[in-house]
Amino acid sequence: MIVIRGATTIPCDTKAEIQKAVYELLEQIESRNSLKKDEVVSLVFSSTSDIHSYYPAKAAREAGFTSCSFFSAQEPEIDGSLPLCIRCMLFVEKNLSPSHVYLRGAKSLRKDISGKINIAIDGPAGSGKSTVAKRIAKDYNILYLDTGAMYRACALKVLEEGVDPEDEAAIVDLMRNVKLDIVYENGVQKTLLDGRDVSEEIRQNPVSMASSTVSKHASVRMHLVEKQREIAGRMSCVLDGRDIGTYVLPDADFKFYLTASPDVRAKRRYDELKAKGAEVDYEKLKEEIIRRDEQDMNRSFAPLKQAEDAVRIDTSEMTIDEVVKTIGRIIQEKL
Ligand code: DC
């Protein structure tokens, strides 16, 4: 199933103009996509709030689209939106790369991802990466890959087995005998260690520092980076981490580096842990975050650093919505 989008405008709000514009739009969509009417499963229209004279869906039925379901909706009045505009989405049972059609000055309000793309979001702990990455992934209906969860799962195993997080050889040995899987349930990433769901456990504070320590080791990184590249090679995804733009996917289509002051980052983590009912000391947490960043930035193999071609966003004074909008705008400009 694919979705073809279209939009057009009318010079004035009359039944005849609506019919004419809808016929023309659907005709163009059909010819540019070599589409047969009976391949359309569903047709959804929306029109701006200044259009009242006729249902675009009725016009579509009159144009010969008789075997699909229809829906017409009115859009709210939004400042700056194009007047007298009709938009449509055709859900089509066909495997093609859709050609969207915009006529009479109507333009695509949002471009969608049609080919495979990878979006890299790097930055220190608490910079807002994961919240933003999840939102972007949901927005574009692509996968979110939390690479930190992999290092955390490895660290959890190391702690459980009483292995020293500094002992590279012992960790590699351990990881050889453990099955680490990343699976998705309703779009949410779950981290499995030998089939056990550890998604919650790996968020606990002691695991954070240990994950930074185990991630220093080149052989541990190589093992996990291979999995990350394999997933990103198969599908469009947003990956967040420390080295995505610099090492894992140096050719990522979009690269962002999020940062924020240590105080803001510590406060975010503090609120997050508090909300989960954990007992936390703010000053200690801040000190740990600074220590972890130092370790992540100063390791010799694939350290945390901004890729030269990444867009840097300081999120200290920004809301999540503002960060998501900024990133969305940059993606839209380049898509
Ligand atoms: O993003 P996070 O806090 O869940 O990451 C935990 C640790 O894992 C982080 O301190 C460093 C390491 N990490 C890494 O080295 N490379 C990544 N791509 C992701 C995380």
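Residues numbered from 1 in each chain as written. Predicted model: local features only at pLDDT ≥ 70, side-chain atom pairs only at ≥ 80, totals over all residues. Heavy atoms only, no water.

(A) View of the overall build of the protein chain. Of regular secondary structure, the protein chain possesses eleven helices and 13 strands. When the backbone C-alpha atoms are referred to their principal axes, the protein chain occupies close to 75 × 40 × 40 Å. A buried classification covers 48% of the 335 residues belonging to the protein chain. For the protein chain, restricting intrachain contacts to residue pairs at least 6 apart in sequence, the fraction spanning at least 24 positions comes to 79%. Entry remark: accessible area of the protein chain is about 16,700 Å², with carbon and sulfur atoms responsible for 50%. Once the 49 positive and 54 negative side-chain charges of the protein chain are each reduced to a mean point, those two points are 3 Å apart. (Helix = DSSP H or I, 4+ residues; strand = E, 2+ residues; numbered from the N terminus. Buried < 20%, exposed > 50% of the residue type's maximum accessible area, 1.4 Å probe, protein only. Contact = heavy atoms within 4.5 Å. Areas by Shrake-Rupley, 256 points an atom, 1.4 Å probe, with all protein chains shown as cover. Lys, Arg positive; Asp, Glu negative; His and termini not counted. Charge placed at Lys NZ, Arg CZ, Asp CG, Glu CD.)

(B) Looking closely at the pairing of strand E3 (residues 69-74). Bridge count between strand E2 (residues 40-47) and E3: six bridges; the pairing is parallel. Following the sheet pairing, Ser46 is matched in E3 by Ala73. After leaving E2, the chain enters helix H2 (residues 56-62) and then returns to the sheet as E3, a path that is right-handed. (Pairing = 2+ DSSP bridges. Right-handed = clockwise from strand over helix to strand, strands pointing away.)

(C) Here's a closer look at the packing of helix H9 (residues 262-275) against helix H10 (residues 282-298). Where H9 meets H10, the axes come as close as 9 Å, and the angle between the chain directions of the two elements is 120°. On the basis of the axis angle, H9 is oblique to H10. H10 is crossed by H9, and the crossing has right-handed handedness. Residues Pro262, Asp263, Arg265, Ala266, Lys267, Arg269, Tyr270 and Leu273 of H9 lie in contact with H10, whose contacting residues are Tyr282, Leu285, Lys286, Ile289, Ile290, Arg292 and Asp293. Here the contact of H9 with H10 is composed, by residue class, of eight nonpolar, no polar and seven charged. (Axes fitted to C-alpha atoms, helices over the stretch in contact; angles between N-to-C directions. Parallel < 35°, antiparallel > 145°, perpendicular 65-115°, else oblique. Left-handed = near helix turned anticlockwise from the far one by under 90°. Nonpolar A, V, L, I, M, F, W, Y, C, P; charged D, E, K, R; others polar.)

(D) Focus on the state of the cysteines. On inspection of all chains with the given rule, the structure shows zero disulfides. Free cysteine: Cys85, not disulfide-bonded; nearest cysteine sulfur from Cys88 at 10 Å. (Disulfide = S-S within 2.5 Å.)

(E) Expanded view of the nonpolar core. Core analysis: the biggest nonpolar cluster contains 35 residues, and Met150, Ile171, Leu180, Leu193, Leu239 and Leu249 have the highest contact counts within it. Contributing elements (two or more residues each) for this core: strand E7 (143-146), helix H4 (147-160), helix H5 (168-176), strand E8 (180-185), helix H6 (205-214), helix H7 (218-234), strand E11 (237-241) and helix H8 (244-248). Considering each element in turn, this core owes the most residues, eight residues, to H4. Core analysis: the second largest hydrophobic core is formed by 29 residues, Val22, Val40, Leu43 and Ile51 among them. (Core = buried A, V, L, I, M, F, W, Y, C linked by side-chain atoms within 4.5 Å.)

(F) Structural context of the side chain of Thr259. When you line up the elements, Thr259 lands in strand E12 (residues 254-259). Beyond its immediate stretch of four places on either side in the chain, Thr259 contacts Pro124, Ser127, Arg312, Ile313, Asp314, Thr315 and Ser316.

(G) View of the sheet that holds strand E4 (residues 85-92). Ordered by their spatial adjacency, five strands build an open sheet running E3-E2-E4-E1-E5, and the pairing between neighbours is mixed. The open sheet has two free edges, formed respectively by E3 and strand E5 (101-102), since each of these has just one partner strand. Across two bridges, strand E1 (residues 2-9) lies against E5 in parallel orientation. Bridge pairing in E5 links Gly6 to Val101. Running over the sheet, helix H1 (residues 15-32) touches E1, E2, E4 and E5 and is turned about 145° from E1.

(H) Layout of the site of the ligand. The ligand sits among 16 residues. The nearest are Arg152, Arg221, Arg292, Asp296 and Arg299. One of the side-chain nitrogen or oxygen atoms of Ser215 is found 3.3 Å away from an oxygen atom of the ligand. Asp296 has a polar side-chain atom sitting 2.7 Å from an oxygen atom of the ligand. Of all elements in the fold, only H4, H6 and H10 reach the threshold of two or more residues within the shell around the ligand. (Near = heavy atom within 4 Å. Polar contact = N/O pair within 3.5 Å; in protein donor to acceptor, adjacent residues only side chain to side chain.)

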